[in-house]
Amino acid sequence: MARRHDPGRRQRIIDAAIRVVGRAGIAGLSHRSVAAEADVPLGSTTYHFRTLDDLMVAALRQANEGFAKVVAARGGLEDPRADLATELAALMGEWLAGERTGVELEYELYLAALRRPALRPVAAEWCEGVAGQLSRRTDPVTARALVALVDGICLQALLTDTPYDEAYAREVLGRVIPAE
């Protein structure tokens, strides 16, 4: 029997894993649940992703692109004339105003790194990438502090189910950014 060529299968499996985690959380993720969601044979998931950690790494990498896309689309972090606190606060607001399931998914995968060491480098990539962008506008220590503050504000908004307060975020971010 000839093997069917399916170049998009790996991507469909990653997309299915993201949908499964979005619907059922990390606990609901298995090769079997992903295969069913992607409508592929179970062996396809293990062919492309030997372990669940491999699959979660791919899903987290893709999920991390959500925030990166918002950053790239705004472009304000690159503009030295733009107020950094205002830009970051607006960026968080735009990201949190998007599809909540996507933001929750990103954080669920990101926080899964606490228990799954294979995910830690990908979570660190996200932190380092955002800190790298912020380091163009401030010193590296402040950039890392801003990443931690952004994480904290976003997690609080998600966990407490309270609306994001952009004015509050702008104020506290401004307190961390050194005066020029």
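Remember, it's a predicted structure, so these values are computed and weren't measured experimentally.

Re the pattern of salt bridges
- All chains considered together, the criterion is met by nine salt bridges.
- Between Glu-171 and Arg-175 there is a salt bridge; the shortest N-O distance is 2.5 Å. Placement of both Glu-171 and Arg-175 in helix H9 (residues 166-176) is noted, with a separation of four residues, approximately one turn of the helix.
- Its relative accessible area of 65% is what places Arg-175 among the exposed residues.
- Because the salt bridges share partners, they merge into one network encompassing Asp-6, Arg-9 and Arg-12.

Let's talk about H9
- For H9, the complete set of buried residues consists of Ala-169, Val-172 and Leu-173. Angular distribution of buried residues about the axis of H9 spans 100°; they occupy a single face of the element.
- Of the surrounding elements, those touching the buried residues of H9 are helix H5 (84-97) and helix H8 (140-160).

Considering the nonpolar core
- Ranked by size, the top nonpolar core spans 59 residues in total, and within it Val-34, Leu-88, Leu-109, Leu-134 and Leu-173 carry the most contacts.
- If you list the elements that add at least two residues to this core, you get helix H1 (9-24), helix H2 (31-38), helix H4 (52-74), H5, helix H6 (100-112), helix H7 (120-134), H8 and H9.
- It is H4 that contributes the most residues to this core, ten residues altogether.
- With residues up to four places along the chain from it excluded, the contact list for Leu-88 reads Leu-77, Leu-134, Leu-146, Val-150 and Leu-173.

Basis of the calculations
- Residues numbered from 1 in each chain as written.
- Predicted model: local features only at pLDDT ≥ 70, side-chain atom pairs only at ≥ 80, totals over all residues.
- Heavy atoms only, no water.
- Salt bridge = Lys/Arg side-chain N within 4 Å of Asp/Glu carboxyl O.
- Helix = DSSP H or I, 4+ residues; strand = E, 2+ residues; numbered from the N terminus.
- Buried < 20%, exposed > 50% of the residue type's maximum accessible area, 1.4 Å probe, protein only.
- Arc of directions from axis to C-beta.
- Contact = heavy atoms within 4.5 Å.
- Core = buried A, V, L, I, M, F, W, Y, C linked by side-chain atoms within 4.5 Å.

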